[in-house]
Amino acid sequence: MSSPEINPSPLTAPVSSVWGVGEERAKLLARLEIFTVEDLLLHKPRRYEDRRKFLPIRELKVKEAATVRGKIIAAGIKRFKNGTRSMFECVFEDGSARLHCRWWQAQAWMPDWYAVGREFLIYGKLDDDKKPRTFTHPETELVEPGEDEFIHVNRIVPVHPLTEGLTARVMRSLVWRALEKFETLIEEPKFVQHSERPLTRPSGTLSPAGGEGRGEGAAVTTQRRARSDAPYQSLPARANSVRMIHFPEELTDAEIARQRLALDEFVALQFQIQSRRKKFEALSKALPCGGDNRLMKPFLAALGFKLTSAQTNVLREIRTDMGGIHPMRRLLQGDVGSGKTAVAACSALMALESGFNVALMAPTEILAEQHFRNFTKWFEPLGVKVEIQTGSKKGDGRWEMADGKRSPTSISQLPSAIFIGTHALLTSGFELPRLGLVIVDEQHKFGVAQRETLVRKGNYPHLLVMTATPIPRTLGLTLYGDLDVSTIDELPGGRGAIKTFLRATNKLPKVFDFIREKISGGRQAYIVYPRAEVADTDKDIKAVTREFENVQRALNGFRVGLLHGRIKAADKEKTMAEFRANKIQALVATSLIEVGVDVPNATVMLIENAEHFGLAQLHQLRGRIGRGAHESFCILISDALNEEAQARLKILEETNDGFKIAEADLKLRGPGELLGQQQSGAMRLRFGNLAEDLNLIRQAREVVKKSL
Ligand code: ADP
Ligand code: MG
């Protein structure tokens with residue numbers, strides 16, 4: 001983290017202030033995003049090797065990675081296929097047995113480097129239990145007699161992420177030297193006072209820094225903050241942890257050090273989040289948007305269904321916020337199909353009743369159009385203007401209204417209105433007068449910056465962001481930590497069940513028979529492919545444009561529509577209208593339809609090349625069906641043979657619970673997909689793990705809460 005709150009300045013010196021880093025090495029380090037001394041000190045090892053004792057080569061076991069130490073007794077290049085393929089092989093020996101090591105495609109430098117007589121540490125696994133014992137492409141490290149023996153051997157050593165031209169040994173030496181020179185300058189973050197606490201593990205002769213020399217002035221503040229840094233009391237000091245993460249005495253120490261450094265990251269992050277929110281609250285006064293039910297009553301009466309108790313509960317929280325003293329900042333999460341749109345509509349009515357206007361932003365034109373249609377149907381009878389603004393419906397800065405005409409020039413003279421649109425709402429030409437509430441639908445598709453831009457268009461309006469991608473707790477507390485969270489934890493009743501099947505491509509004919517049968521029975525289907533066009537490079541990834549004809553053939557007698565990002569907006573709209581009216585029975589599409597689309601008569605979702613989608617995304621796609629009373633079917637087609645892909649897809653077969661799926665996805669793929677647009681610099685965590693560290697995140701939140 002580069003927050004000035006946390007990091008003292010000497011460590012921000014360029015990495016070239018470490019002895020041994022010249023211009024060349026600085027360039028190599030830059031490739032690893034190591035620019036400063038601190039970057040080097042926080043360069044997390046990717047694994048550790050216990051070199052206190054080496055395994056005799058004779059005792060190597062198949063498939064168990066181990067480090068051995070041996071001298072080269074023979075080496076040479078073998079050529080195959082008229083010299084087009086080559087292999088470098090050398091034979092090590094350690095007194096117990098011999099070990100052959102080989103690298104396919106011999107490199108010019110290898111014969112010199114792996115010279116007979118040299119001694120190496122070799123990390124790898126036996127290919128099989130045949131003789132001679134063989135490692136293929138092992139990692140090796142030259143043992144230079146005498147020099148640096150205590151850094152590279154006789155201890156647990158780190159193996160860092162590397163780049164070409166920078167060996168593990170050089171990296172390790174650089175880190176070591178950086179520690180020697182800078183360890184004493186590593187300070188505790190400002191919330192933490194360690195003065196009275198002993199180190200958990202003395203780092204012995206290898207840690208000249210010990211625990212001294214840090215925390216001057218601590219005594220003054222300790223009392224005031226004594227309780228706030230409680231989570232730190234059970235973890236080693238930061239300086240000690242930085243050493244331990246690289247040179248742990250025991251492997252368990254490395255994890256302890258990681259936790260400590262992760263806690264610092266989460267604290268820095270919480271500090272950003274919480275101070276941002278504090279500042280916001282100090283600056284802003286809430287607009288009174290509690291409403292008086294004058295519009296809500298007739299709306300609910302005409303809605304055609306009764307709100308679920310989950311919806312009602314959430315609305316109560318929203319009403320409290322919107323009538324409160326600080327502008328609402330609320331995240332509404334609810335699984336696909338849980339009825340977030342109705343909640344959005346009710347929230348909008350509260351603001352409208354209070355005399356303010358509302359903006360609703362959706363990530364795709366299809367979804368914006370769908371909202372526009374629904375809100376027009378619901379709100380126009382109540383005398384509320386509903387206006388739309390999307391990329392294809394822009395123009396002169398005026399609004400398009402339900403009758404297709406432009407709004408009168410002076411938009412500020414409109415009666416109460418709701419403005420619906422895509423990110424086109426953000427373009428500066430548009431006024432959003434008297435904005436009381438901003439709603440962002442499928443908010444994970446937007447960046448934080450976009451949502452804030454929309455808010456800033458008004459005079460601190462209330463903010464409601466909605467997402468169907470359930471946010472695992474860890475992300476709720478970090479990425480979304482500046483928002484209060486409401487959850488709709490119940491689906492409306494009267495829905496048919498969704499069954500999910502995983503099938504191989506050779507079952508497609510049967511699957512299409514099944515789809516024909518369902519369509520003949522009056523239902524509709526989505527058929528989704530990963531790509532819009534066929535790219536030459538990945539011929540086995542199916543693309544909608546090519547498959548469209550095949551599907552038409554397979555479903556002849558029925559009308560099939562085509563939908564992907566490059567189709568003109570007007571045509572998209574037409575296709576969606578026909579699909580809604582069941583004039584089109586099957587819709588061939590990309591994941592464009594992933595968000596929001598609501599056609600209850602569609603009961604089949606076929607997804608080809610399912611392995612190319614993330615779990616959360618597949619769950620979203622599946623959320624397009626199961627919206628009506630009929631039983632629904634989601635069929636995932638994949639020939640992916642690898643276990644991981646199969647295991648991933650099986651999760652969908654097993655559960656419909658979006659939370660479970662999101663957590664599984666987070667563990668399997670990391671936060672990237674869930675973070676979506678939001679992956680910003682602020683989230684660069686080196687030690688923190690958003691999939692695993694819920695406890696640390698909670699602790700960090702408390703630390704900051706009590707200290708701020
Ligand atoms: P999402 O939360 O995925 O945005 P929608 O708001 O699109 O879900 O709602 C899904 C479907 O459920 C819509 O057809 C909507 O009209 C319907 N619906 C919403 N709330 C209820 C309810 N309380 N009872 C019955 N149907 C409902
Ligand atoms: Mg929705």
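In what follows, the accompanying structure is described. This one's a predicted model, so the numbers in the text were calculated from it and none came from an experiment.

1. Side note on the nonpolar core
In step 1: Of all hydrophobic cores here, the largest spans 66 residues; its most connected members are Leu29, Leu40, Leu41 and Phe266.
In step 2: Summarising the domain contributions, this core has at least three residues from each of domain 2 (187-282) and domain 3 (296-488).
In step 3: Beyond its immediate stretch of four places on either side in the chain, Leu40 contacts Val15, Val18, Ile34, Met171, Leu174, Val175, Ala178 and His246.
In step 4: Among the nonpolar cores identified, the runner-up in size contains 41 residues, and Leu315, Met322, Phe379 and Val386 belong to it.

2. Brief notes about the sheet that holds strand β7 (residues 139-142)
In step 1: Read from one edge to the other, the open sheet built from 6 strands follows the order β6-β4-β3-β2-β5-β7, with strand pairing classed as mixed. The open sheet has two free edges, formed respectively by β6 (134-136) and β7, since each of these has just one partner strand. When the angles between neighbouring strand axes are averaged without regard to direction, this sheet yields 40°.
In step 2: Here strand β3 (residues 85-93) pairs with strand β4 (residues 98-104) via 7 bridges, running antiparallel. Paired with Met87 across the bridge in β4 is Trp104.

3. Section: the packing of helix α8 (residues 251-283) against helix α22 (residues 694-707)
In step 1: At a minimum axis distance of 8 Å, the contact between α8 and α22 shows a crossing angle of 50°. The angle between α8 and α22 places the two elements in the oblique class. Crossing geometry of α8 relative to α22 is assigned as right-handed. Seen from α8, the contacting residues are Gln259, Ala262, Leu263, Phe266, Val267, Gln270, Phe271 and Gln274; seen from α22, they are Leu696, Ile697, Gln699, Ala700, Arg701, Val703, Val704 and Lys705.
In step 2: Class assignment for the residues of the contact of α8 with α22 results in 10 nonpolar, 4 polar and 2 charged.

4. Details of the sheet that holds strand β22 (residues 632-637)
In step 1: Strand order across the open sheet formed by 6 strands is β17-β22-β21-β18-β20-β19, with parallel pairing between neighbours. Edge positions in the sheet fall to β17 (498-503) and β19 (560-563), since each of these pairs with one other strand and no more. Across the sheet, the axes of successive neighbouring strands diverge by a mean angle of 15°, strand direction being ignored.
In step 2: Pairing analysis gives 5 bridges linking strand β18 (residues 524-528) to strand β21 (residues 602-607), with the strands arranged parallel.

5. Brief notes about the site of ligand 1
In step 1: Neighbouring residues of ligand 1: 16 residues in total, closest Gly337, Lys340, Thr341, Arg495 and Asp598.
In step 2: Lys340 has a polar side-chain atom sitting 2.7 Å from an oxygen atom of ligand 1.
In step 3: Thr341 is positioned with one of its side-chain polar atoms (N or O) 2.6 Å from an oxygen atom of ligand 1.
In step 4: Relative to its unbound accessible area of 570 Å², ligand 1 is 85% covered by the protein chains.
In step 5: Residue composition of the shell around ligand 1, grouped by class: 4 nonpolar, 6 polar and 6 charged.

6. Looking at the packing of helix α18 (residues 615-622) against helix α19 (residues 643-654)
In step 1: In the contact formed by α18 and α19, the axes pass within 10 Å of each other and the chain directions differ by 35°. You can see that α18 and α19 cross each other, and the crossing is right-handed. Note on element contacts: α19 touches α18 through Arg648, Leu649, Ile651 and Leu652, opposite Leu615, Leu618, His619 and Arg622.
In step 2: Here the contact of α18 with α19 is built from residues that sort into 5 nonpolar, 1 polar and 2 charged.

7. Considering the pattern of salt bridges
In step 1: Taken as a whole, this structure holds 29 salt bridges when the rule is applied.
In step 2: Salt-bridge contacts for Arg47 lead to Glu139; the nearest nitrogen and oxygen are separated by 2.6 Å. With a gap of 92 residues between them, Arg47 in strand β1 (residues 47-50) and Glu139 in strand β7 connect regions that are remote in the sequence.
In step 3: Ionic pairing is found between Asp292 and Arg294, a salt bridge with its closest N-O pair at 3.3 Å.
In step 4: Given a relative accessible area of 47%, Arg294 falls into the partly exposed group.
In step 5: Counted as one network, the salt bridges with shared partners bring together Arg46, Arg47, Glu49, Arg51, Glu139, Glu141, Arg169 and Arg172.

8. Overview of the packing of aromatic side chains
In step 1: This model, assessed by the stated rule, comprises 15 aromatic pairs.
In step 2: For the pair Trp113 and Phe120, a centre-to-centre distance of 6.2 Å together with 70° between the ring planes defines the contact as edge-to-face.
In step 3: Of the residues examined, Phe120 reaches a relative accessible area of 0% and is grouped as buried.
In step 4: By the ring-pair criterion, three or more aromatic residues cluster together here, those being Phe88, Phe92, Trp103, Trp109, Trp113, Tyr114 and Phe120.

The rules behind these values
Residues numbered from 1 in each chain as written. Chains lettered and ligands numbered in written order. Predicted model: local features only at pLDDT ≥ 70, side-chain atom pairs only at ≥ 80, totals over all residues. Heavy atoms only, no water. Core = buried A, V, L, I, M, F, W, Y, C linked by side-chain atoms within 4.5 Å. Buried < 20%, exposed > 50% of the residue type's maximum accessible area, 1.4 Å probe, protein only. Domains from an automatic or database assignment. Contact = heavy atoms within 4.5 Å. Pairing = 2+ DSSP bridges. Helix = DSSP H or I, 4+ residues; strand = E, 2+ residues; numbered from the N terminus. Axes fitted to C-alpha atoms, helices over the stretch in contact; angles between N-to-C directions. Parallel < 35°, antiparallel > 145°, perpendicular 65-115°, else oblique. Left-handed = near helix turned anticlockwise from the far one by under 90°. Nonpolar A, V, L, I, M, F, W, Y, C, P; charged D, E, K, R; others polar. Near = heavy atom within 4 Å. Polar contact = N/O pair within 3.5 Å; in protein donor to acceptor, adjacent residues only side chain to side chain. Areas by Shrake-Rupley, 256 points an atom, 1.4 Å probe, with all protein chains shown as cover. Salt bridge = Lys/Arg side-chain N within 4 Å of Asp/Glu carboxyl O. Phe/Tyr/Trp six-rings, centres within 6.5 Å; stacked < 30°, edge-to-face > 60°.

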